[in-house]
Amino acid sequence: MVFEKQSTRTRVSFEAGIHQMGGSSINLTRGDTQLGRGEPIEDVARVISRMVDLVMIRTYDQSIIERFADFSRVPVINGLTDQYHPCQILADIYTFIEHRHSIEGRTVAWIGDANNMCYTWLQAARLFGFKLHVSAPSGYGLDPERIAKGEEVHLSVFDDPMEAAHGAHLVTTDVWTSMGFEDETDERKKDFVDFQVDEEMMALADTDALFMHCLPAHRGEEVSAEVLEGHQSVVWDEAENRLHVQKALMEYLLLGYQSA
Ligand code: CP
Ligand code: NVA
């Protein structure tokens, strides 16, 4: 496991899962390794992947993990990049299915920054056939270049977050400032002030709507304490499910199952 950014859930869930399945893990940060002294990622990939069975990387730009994967002999798992967070969305969808059966045909409202989580929800909407509503402050929305042709089948964009939440079966949000964007924190606090998921917003969603947040959460910013701790919130199940889905993912990658 290579962590170039901080982590609690990803680190603990992968490490616990690997140990529970009888494996062992090695945790590296950029500073621990020759990467920190400029060794090319392609060289590190060729070396590490001769010694281990799986690699998990949390890093900055998506191109870093893709360059690593291109030169790796073993599967490489994305543990979060600036652009995507697939392990989290696997856990989120599993959590939705656990509580509400199928996600197909349902509506998921994404409120806030169109960040790595938001783009991964969009990938999932394509695969699982649900509708994604996205509402972000001006200047923080989806990049049209990252939206595929015909995407409006499962994507609707709203200026007003209340409209995006209307009738949704799942309302979800994330921090206003993701890792790597800390210099923008003060400006973002002003720009996102109308984008808090609170009880008023949840009241507009479906009566059985769930609330999710990948965590860590900032109560009183992107979500009110009442919603985070409220009866519609499944954030603790969502965090626990990181462990279960990642164990399944690692088994799938190691054993090469083609179907369940
Ligand atoms: N949700 C999530 O990925 O948490 P960590 O940053 O703690 O790993
Ligand atoms: N969007 C957040 C997710 C943290 C798990 C970030 O990238 O910091």
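In case you missed it, the structure is sitting above this.
Predicted model, so just to flag it, every value in this text is computed and none were measured.

K.L.:
What am I meant to see in the site of ligand 2 here?
P.N.:
Taken together, Leu80, Asn115, Asn116, Asp174, Val175, Ser178, Met179, Cys214 and Leu215 make up the full set of residues near ligand 2. Asn116 is positioned such that a nitrogen or oxygen atom in its side chain is 2.8 Å from an oxygen atom of ligand 2. Between ligand 2 and Met179 there is a distance of 2.8 Å, counted from an oxygen atom to a backbone nitrogen or oxygen. Protein burial of ligand 2: of its 270 Å² of free accessible surface, 94% is covered by the chains.

K.L.:
Mind showing me how you'd approach unusual backbone geometry here?
P.N.:
Negative phi is the rule for most residues except glycine; trans is the rule for most peptide bonds. Residue Leu215 is joined to Pro216 through a cis peptide bond whose omega torsion reads 5 degrees. Checked against the element boundaries, Pro216 lands in the loop between strand E9 (210–213) and helix H9 (225–228). Of note in the backbone geometry, His101 takes a positive phi value of approximately 70 degrees without being a glycine. Relative to the assigned elements, His101 resides in the loop between helix H4 (86–100) and strand E5 (107–111). The class of His101 is exposed, set by a relative accessible area of 63%. Within the chain, Leu215 stands out as a residue other than glycine whose phi angle is a positive 70 degrees. Residue placement: Leu215 occurs in the loop between E9 and H9. We classify Leu215 as buried; its relative accessible area is 9%.

K.L.:
How do you make sense of the pairing of strand E8 (residues 170–173) when you look at a structure like this?
P.N.:
Regular strands have side chains that alternate between both faces of the sheet. Residues of E8 alternate between two faces, with Leu170 and Thr172 on one and Val171 and Thr173 on the opposite face, all of them buried. Where E5 and E8 come together, four bridges link them in parallel fashion. The residue of E8 that forms the bridge with Trp110 is Thr172. Across four bridges, the pairing between E8 and E9 is parallel. What sits directly across from Thr173, in E9, is His213.

Calculation rules
Residues numbered from 1 in each chain as written. Chains lettered and ligands numbered in written order. Predicted model: local features only at pLDDT ≥ 70, side-chain atom pairs only at ≥ 80, totals over all residues. Heavy atoms only, no water. Near = heavy atom within 4 Å. Polar contact = N/O pair within 3.5 Å; in protein donor to acceptor, adjacent residues only side chain to side chain. Areas by Shrake-Rupley, 256 points an atom, 1.4 Å probe, with all protein chains shown as cover. Helix = DSSP H or I, 4+ residues; strand = E, 2+ residues; numbered from the N terminus. Buried < 20%, exposed > 50% of the residue type's maximum accessible area, 1.4 Å probe, protein only. Pairing = 2+ DSSP bridges.

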